[in-house]
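Structural description and commentary
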Amino acid sequence: MHELRDEAPVAPPAPIKRGRAIVVTSGKGGVGKTTTTANVGAALGATGATVALVDADVGLRNLDIVLGLESRVRFHVLDVLEGKAELDDALVSDKRVPTMKLLAASQTREKDDVDTQAFRGLIERLRERFDYVLIDCPAGIETGFQNAIVAADEAIVVCTPEVSAVRDADRVVGLLGERVSIRLIVNRLRPALVRRGKMLSVDDVNAILRLPLLGVIADEPGVIVSTNKGEPLALDVASATGDAYRKIAGRIAGTDTSAPDIPREATFFEKFFGGRR
Amino acid sequence: MIDFFNRLFNPKPSSATARERLRLVLLSDHLALAPDVVESLKLDLIAVISKYVDVDAANCDVTFEQQDRAVAMLANIPILGMKPADRKPPAGPAAPAAPSVAQAPEPPSFTDSAPATVAAIHEPVADAVIIEAVPGSPVAPKPRRRRRRRASVTPAPAAG
């Protein structure tokens, strides 16, 4: 695992800053929202931008695990909303990405405990201090989803090439409405299956959703390994998937104008020597 | 190897099945109409049009299509001929359903009989009746308008 260290220190909070609030959502559970949030956040942070990652999945928090920061969480979102902790004390730092902070969800509470307006106020406070506020939305379209989208004006819809995921993503796009600008990440694509006609292609998915494509992430063992270790692939300079996340970050930041690549199949050589990490 | 034989004997890949299922499920999601409602809509539609012209009820085709993020209903109803009672004199104004009658080239085989009437019959047959049913979704942008041409030639009206 190679780490990208950033030379730039955290910028002092500008007085009239208003960072971008981006919600990562999907409707269906288990398509990779949290992994996407962690990796896109880390990739944005690695460029020197200040990033706050907010886990809005109250009751089922996982973003801290995927980032490998679970042992450092002392306070959570509801502690801040209910005045039991200061925002600064609840923001968890990450040594690997000094400009990135995590605000963890509350594991022992329920989504209905979150006051929508208070949550919106919290996101607004974060926007005054960070370039990007990434909100990891819970699955479903109930209270947790409504809370997560209310303060965002951009959305990343994560969708896997499956009928159920596309259907749910379509529903979510309808619920997000025209207020929010939406972009798509197709996750867990298996190029070999697409070629053999056993998986929906990126075009098939986007023929339905018709969203600007932010990127395509392959279904590869490295993603699972990185989650096991709590080390986002976006920080691994040797990983092709990490590179895909870094390009997604570049497209969000507007520094990368290249069209997203569709992951290619592993060659025989790669199959033979790969997959050992 | 098994894969090879599967492909040999079952040529439709499962992704095609997935696409088709997705298309159908999203149509009903967006339309919020049960399949039996769609069927009775189709029958009513045919019944209404049959009041004015003879339609080929067996070959009527009512489908729903995704157009961007909206749904369009496309009804393709072949017309066999005018009902004798509804025949308008050739000098009469064109029906509002076929405003392009004047520009429509006359089909050569009908030129010796009442030309305007023939053109009036011909034109609606050339185009499918297109009705766009857009549900009250706040995100649905304006669907693309689409005209569908039918390849079939109008059968001779029951004049003889």
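Relevant structure appears above.
Below is a short write-up of the structure. (Residues numbered from 1 in each chain as written. Chains lettered and ligands numbered in written order. Predicted model: local features only at pLDDT ≥ 70, side-chain atom pairs only at ≥ 80, totals over all residues. Heavy atoms only, no water.)

**Here's the deal with the overall build of chain B**
Rules: A helix here means a DSSP run of H or I that spans at least four residues, while a strand means a run of E at least two residues long, and both kinds are numbered starting from the N terminus. Burial classes follow relative accessibility: with a 1.4 Å probe on protein chains only, a residue under 20% of its type's maximum area counts as buried, one over 50% as exposed, and anything between as partly exposed. In this description, contact between two residues means that some pair of their heavy atoms is separated by no more than 4.5 Å. Throughout, the Shrake-Rupley method with a 1.4 Å probe supplies accessible areas, and for residues the shown protein chains are the sole cover considered.
If you tally the helices and strands in chain B, you get 4 helices and 5 strands. Seen in sequence order, chain B has helices and strands lined up from the N terminus as α-α-α-β-β-β-β-α-β. Expressed as a percentage of its 160 residues, the buried residues of chain B come to 33%. Sequence separation of 24 or more characterises 64% of the internal contacts of chain B that already satisfy a separation of 6 or more. Just so you have it, chain B exposes about 10100 Å², and 62% of that area is on carbon and sulfur atoms.

**Quick look at the pattern of salt bridges**
Here is the rule we go by: Put simply, a salt bridge is a Lys or Arg side-chain nitrogen that is within 4 Å of an Asp or Glu carboxyl oxygen.
Throughout the structure, instances matching the rule amount to 19 salt bridges over all chains. Here Glu 82 of chain A and Arg 109 of chain A are joined by a salt bridge, their closest N and O atoms 2.8 Å apart. Remark: Arg 109 of chain A occurs in the loop between β4 (100–103) and α5 (116–127) and Glu 82 of chain A occurs in the loop between α3 (77–81) and α4 (87–90); sequence separation between them is 27 residues. Note on Glu 82 of chain A: relative accessible area 35%, which makes it partly exposed. Put simply, Arg 23 of chain B and Glu 20 of chain B hold a salt bridge, and the shortest N to O gap is 3.1 Å. With Arg 23 of chain B and Glu 20 of chain B both in helix α2 (residues 14–31), this residue pair falls 3 residues apart, about one helical turn. A relative accessible area of 32% means that Glu 20 of chain B is categorised as partly exposed. When salt bridges with common partners are traced through the structure, they connect Arg 18, Glu 124, Arg 127 and Asp 153 of chain A into a single cluster.

**Let's talk about the sheet that holds strand β6 (residues 154–159) of chain A**
Residues and elements named next belong to chain A. Stated precisely, the cut-off is as follows: Here a strand pair is declared whenever DSSP counts at least two bridges between the two strands.
A sheet is described by the order of its strands in space; here 8 strands give the open sequence β3-β4-β2-β5-β1-β6-β7-β8, paired in mixed fashion. Only two strands of the sheet have a single partner each, and these edge strands are β3 (92–93) and β8 (213–218). Here 4 bridges tie strand β2 (residues 51–55) to β4, and the two strands are oriented parallel to one another. Pairing of Ala 52 across the sheet is with Lys 101, part of β4.

**Concerning the nonpolar core**
The cut-off we apply is this: Only buried residues count toward a nonpolar core, which is a set of Ala, Val, Leu, Ile, Met, Phe, Trp, Tyr and Cys residues joined through side-chain atoms within 4.5 Å.
Core analysis: the biggest nonpolar cluster contains 91 residues, and Leu 103 and Leu 126 of chain A have the highest contact counts within it. Examining the composition of this core, we find that 7 residues originate from one element, helix α7 (residues 163–176) of chain A, more than from any other. Aside from chain neighbours lying at most four places away, what touches Leu 126 of chain A is Ala 52, Val 54, Leu 87, Leu 91, Leu 103 and Val 133 of chain A. Core analysis: the second largest hydrophobic core is formed by 16 residues, Val 38, Leu 45, Cys 60 and Met 73 of chain B among them.

**Focus: the packing of α5 of chain A against helix α6 (residues 143–150) of chain A**
Helices that pack against each other are described as a pair by the angle of their axes relative to one another and the distance between those axes. Residue and element names in this part refer to chain A. What counts is decided by this rule: Angles run from 0 to 180 degrees between N-to-C directions of axes, and those axes are lines fitted to C-alpha atoms, restricted for helices to the stretch in contact. Left-handed describes a crossing in which the near helix is turned anticlockwise from the far one by less than a right angle; the clockwise case is right-handed. Amino acids are sorted into nonpolar (Ala, Val, Leu, Ile, Met, Phe, Trp, Tyr, Cys and Pro), charged (Asp, Glu, Lys and Arg) and polar (every other residue, Gly among them).
Look at α5 against α6: their axes get within 8 Å of each other, and the N-to-C directions meet at 35°. Judged by the twist between their axes, the crossing of α5 over α6 is right-handed. The residues of α6 that touch α5, namely those facing Thr 116, Phe 119 and Arg 120, are Asn 147, Ala 148 and Val 150. Here the contact of α5 with α6 is composed, by residue class, of 3 nonpolar, 2 polar and 1 charged.

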